[in-house]
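# Structural description and commentary
Given next are the chains, with one letter for each unit.
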Amino acid sequence: MSGDNLPSRTLRFIDVAGEIPPEAREQLLALVRRLPDGHPFELLVQVVATVPGRRFRDQAVASRREHSVNPDRSVMLVVSRDDRHVELATAPCWASRFSEAESHALLASHFVPAMKAGDLPRALGATIQAIAAKLDEPVGRSARSPAVAVGIGVGLAVLLGVCGVLFAFVRNHTCRDCRGWGDYSERELIAATSTSEGRGEVHFHCGKCGADYTEIRSIPVRSSSSDNSGSSSDSGSDSSSDGGGGADW
Ligand SMILES: [Zn+2]
């Protein structure tokens, strides 16, 4: 489905020598192979002695970038042994599933209990299964997807825009003298720019009382935001776009 040649689900260990015995590593690799088919992912587990300044988030994000074969599909788990902290960083596409609060909750319930008992392999096994399950949750159950939220927002904006246009249409065609319905037309005399107002002429003729008037109206300065709408939503991949969070044990 992803079009690359990676196995659908991989687990790799970084700097775990002395922290996770080889046989425990084999068991964890076997656990990943036994997971039901689902979302492809690359899971990375790194064990460090300590993170300078307890900058766990920065460290996990940087490490994920550095060690991922497939950065768009990877999840990094950094276990900081002496700090008694575990930090998760995910590809930006999973940021909505792995919010800071949800990541913390996942680690607190799956990693921390076994870790309090000093059993790192068991903590990792439970956490790996929880991460895989979370990746397979239908979108919208854990958190509303950004696409759905954007869709709702656009829908509301269109609805409000339609209401606004309708309101203006009714107002323009309503006679100010007798409230009757009349003909309304407008034409642009001088176009507005982003720095100066324009001018327009409006003409109204009431079909009920016969009122007839022509007026000059100013046309508001064109806002610069409407000139370049859409260009500000550049979703880059800086560190703040990664999903993830952490927990102490
Ligand atoms: Zn009238």
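Structural data are supplied above this passage.
Our subject in this report is the structure included herewith. (Residues numbered from 1 in each chain as written. Predicted model: local features only at pLDDT ≥ 70, side-chain atom pairs only at ≥ 80, totals over all residues.)

### Notes on the overall build of the protein chain
In terms of regular secondary structure, the protein chain is built from 7 helices and 8 strands. Residues counted as buried form 22% of the 249 residues belonging to the protein chain. Relative to all contacts within the protein chain whose residues are 6 or more apart in sequence, the contacts with residues 24 or more apart total 66%. (Helix = DSSP H or I, 4+ residues; strand = E, 2+ residues; numbered from the N terminus. Buried ≥ 20, exposed ≤ 12 C-beta atoms within 10 Å, placed from the backbone. Contact = placed C-beta atoms within 7 Å.)

### Observations concerning unusual backbone geometry
Within the chain, Arg-54 stands out as a residue other than glycine whose phi angle is a positive 50 degrees. Looking at the element boundaries, Arg-54 is found in the loop between β2 (41-48) and α2 (56-67). Using a count of 14 C-beta atoms within 10 Å as the deciding quantity, one classes Arg-54 as partly exposed.

### Section: the sheet that holds strand β5 (residues 182-190)
Sheet strands pair via backbone hydrogen bonds, and the direction of the pair is either parallel or antiparallel. Within the open sheet, the 3 strands sit side by side as β5-β6-β7. Their pairing is antiparallel. Edge positions in the sheet fall to β5 and β7 (212-219), since each has one partner strand and no second. The average undirected angle you get between the axes of adjacent strands in this sheet is 20 degrees. In this sheet, β7 lies alongside strand β6 (residues 198-206) in antiparallel orientation, the contact comprising 8 bridges. Looking at β7, one finds that Gly-200 is bridged to Arg-217. (Pairing = 2+ DSSP bridges. Axes fitted to C-alpha atoms, helices over the stretch in contact; angles between N-to-C directions.)

### As for the sheet that holds strand β4 (residues 85-90)
A sheet is described by the order of its strands in space; here 5 strands give the open sequence β1-β2-β3-β4-β8, paired in mixed fashion. With partners counted over all chains shown, the strands left at the sheet margins are β1 (9-14) and β8 (243-248), one partner each. Adjacent strand axes in the sheet meet at a mean angle of 15 degrees, parallel and antiparallel pairs treated alike. Where β1 meets β2, 6 bridges bridge the pair, whose relative direction is parallel. Looking across to β2, one finds that Ile-14 is bridged to Gln-46.

### Concerning the packing of helix α3 (residues 100-110) against helix α5 (residues 120-136)
The interhelical angle for the contact between α3 and α5, taken along N-to-C directions, is 145 degrees, at an axis separation of 9 Å. For the pair α3 and α5, the crossing hand works out as right-handed. Facing α3, whose interface residues are Leu-106, Leu-107 and His-110, α5 presents Ala-126, Thr-127, Ala-130 and Lys-134. In the contact of α3 with α5, the residues fall into 4 nonpolar, 2 polar and 1 charged. (Left-handed = near helix turned anticlockwise from the far one by under 90°. Nonpolar A, V, L, I, M, F, W, Y, C, P; charged D, E, K, R; others polar.)

### A word on the nonpolar core
Formed by 33 residues in total, the largest nonpolar core has its most connected members in Leu-43, Ala-60, Val-75, Met-76, Leu-77, Leu-88 and Phe-111. Here this core takes 6 residues from α5, the largest share from any one element. (Core = buried A, V, L, I, M, F, W, Y, C linked by C-beta atoms within 7 Å.)

### Observations concerning the environment of Ala-192
Positionally, Ala-192 belongs in the loop between β5 and β6. Taking the C-alpha atoms as reference points, Ala-192 and Arg-222, separated by 30 residues in sequence, lie 6.3 Å from one another. Apart from residues lying up to four places away in sequence, Ala-192 is in contact with Glu-197, Gly-198, Ile-219, Pro-220, Val-221 and Arg-222.

### Some remarks on the environment of Ala-132
Along the chain, Ala-132 falls in helix α5. Distance from Ala-132 to Gly-38, taken between C-alpha atoms, is 8.1 Å for residues 94 residues apart in sequence. Aside from chain neighbours lying at most four places away, what touches Ala-132 is Leu-35 and Gly-38.

### Some points on the pairing of β8
Consecutive residues of a regular strand have side chains that alternate between opposite faces of the sheet. Counting buried residues along β8, 5 of its 6 residues qualify, which places the element largely inside the surrounding structure. Sheet topology places β4 next to β8; 6 bridges connect them, and they run antiparallel. Opposite Thr-90, over in β8, you have Gly-243 as the bridge partner.

### Brief notes about the pairing of β7
Counting buried positions over the 8 residues of β7 gives 0, only a small fraction of the element. Counted along the chain from β6 to the antiparallel partner β7, the turn is 5 residues long, and its residue Gly-210 has a positive phi close to 85 degrees.

Everything listed here is a matter of coordinates, which is why it stays silent on function.
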